[in-house]
Amino acid sequence: MGKGTVGGWREVAAGVFQRRYQPVDVTVCAIVGADGIAVVDTRCSLAEARELREHLRQLSSAPVRWVVNTHAHWDHVWGNAEFTAPRQLPPAQLWAHTAAAAEMARSRDGDPEAAAFKAELAAEDPTWAARMAELVEAVPEHTVDTAHTLDLGDRSVRLLHTGRGHTDGDLVLHLPEADTLLVGDLVEESGPPSFGSDSYPLEWAPTLDALLTRCGPGTVLVPGHGEPVDSAFVRAQRDRIRAVADHCAALHAAGVPLAEALAAEGWAYDPEELGAAVERGYAQLDGALA
Ligand SMILES: [Zn+2]
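This one's a predicted model, so the numbers in the text were calculated from it and none came from an experiment.

Asker: In this structure, what is going on with the pairing of strand β12 (residues 180-184)? I would like to understand it.
Answerer: Successive side chains on a regular strand alternate, one facing one side of the sheet and the next facing the other. Extensive coverage of β12 is indicated by the burial of five of its five residues. Here β12 shows a buried face lined by T180, L182 and G184 and a second buried face lined by L181 and V183. With antiparallel pairing between neighbouring strands as the criterion, strand β11 (residues 172-175) and β12 make up a hairpin whose turn holds four residues, including D179 at a positive phi of roughly 50 degrees. As defined by bridge partners, β12 adjoins strand β13 (residues 220-223) across four bridges and the pair is classed as parallel.

Asker: When you look at the sheet that holds β13 in this model, what are you seeing that I'm missing?
Answerer: Here five strands make up an open sheet; going across it, the order is β9-β10-β11-β12-β13 and the pairing mixed. Single-partner strands in this sheet number two, and they are β9 (147-151) and β13. If you compare each strand with its neighbour and ignore which way they point, the axes differ by 20 degrees on average.

Asker: Would you explain the sheet that holds strand β5 (residues 36-40) in this entry?
Answerer: What holds strands together in a sheet is hydrogen bonding between their backbones, with the strands either parallel or antiparallel. Strand order in the open sheet made by the eight strands is β1-β2-β3-β4-β5-β6-β7-β8, with mixed pairing throughout. At either end of the open sheet lies a strand with only one pairing partner, and these are β1 (5-6) and β8 (142-144). Note that strand β6 (residues 64-68) and strand β7 (residues 93-97) share three bridges and pair parallel. Bridge assignment links V67 to a residue of β7, and that residue is L94. Across the sheet, helix α3 (residues 98-108) touches β7 and β8, and the angle it forms with β7 is around 110 degrees.

Definitions and limits used
Residues numbered from 1 in each chain as written. Predicted model: local features only at pLDDT ≥ 70, side-chain atom pairs only at ≥ 80, totals over all residues. Buried ≥ 20, exposed ≤ 12 C-beta atoms within 10 Å, placed from the backbone. Helix = DSSP H or I, 4+ residues; strand = E, 2+ residues; numbered from the N terminus. Pairing = 2+ DSSP bridges. Axes fitted to C-alpha atoms, helices over the stretch in contact; angles between N-to-C directions. Contact = placed C-beta atoms within 7 Å.

As far as function goes, none of this settles anything; it's purely spatial.
Here you go:
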């Protein structure tokens, strides 16, 4: 599927590069345009983003002019500040979905759940303690509700929100001329889809349906974790996500209480992975989710 490699980067389409990073096997992409580089997601810390900046030099000496976050999760956004003032001048524009930017602002402004998570990471080991000590959360000031086009000089990139799924602020990058979609954690290759406590399990499959309308047989889709995939892979994952939603709805309709739902037969994924999926699914069916 790749067109070759440059340093540790895989060129998934002309001028579109993907690279996997530890920890948490997060994917970063770079789109090289005539007016500069667009970076998609920035890893978990400033130290890692500094390394990312060095790696970008393997692709181009052009400045990073845009950073796009596929969603608000820490492993995709905590390197953002490396590309803003005072660490980068002139600063890159930061872009995200409106709901993702709002979530990042809550984390920056001391949301208790986010603060507890940061404290937990800082206590993990000296490396994490150092990362957390210098953490600066740069929140995108450029936001997208449904669609926006970024002009990179000789190519344009569509930023699309096709619905809620992994979070309420998933943003996809579509490069029609390269037949490529960068899809963040709406698709996962290296593990099952991540149904977290901020996911929308019942809406996820329709969100993928809307993406699939933009895919042909040769389309490359780059997930937030793992290797690039094709549309057949995404259709298969969509089917299993839909099966989770359907099973939730059927159990809920049958009056099976939440506490017993995971013990039911017939889940499309290991029930161990589905705790939050069922909680969120039930909450939405009860009308308790906005
Ligand atoms: Zn995520």
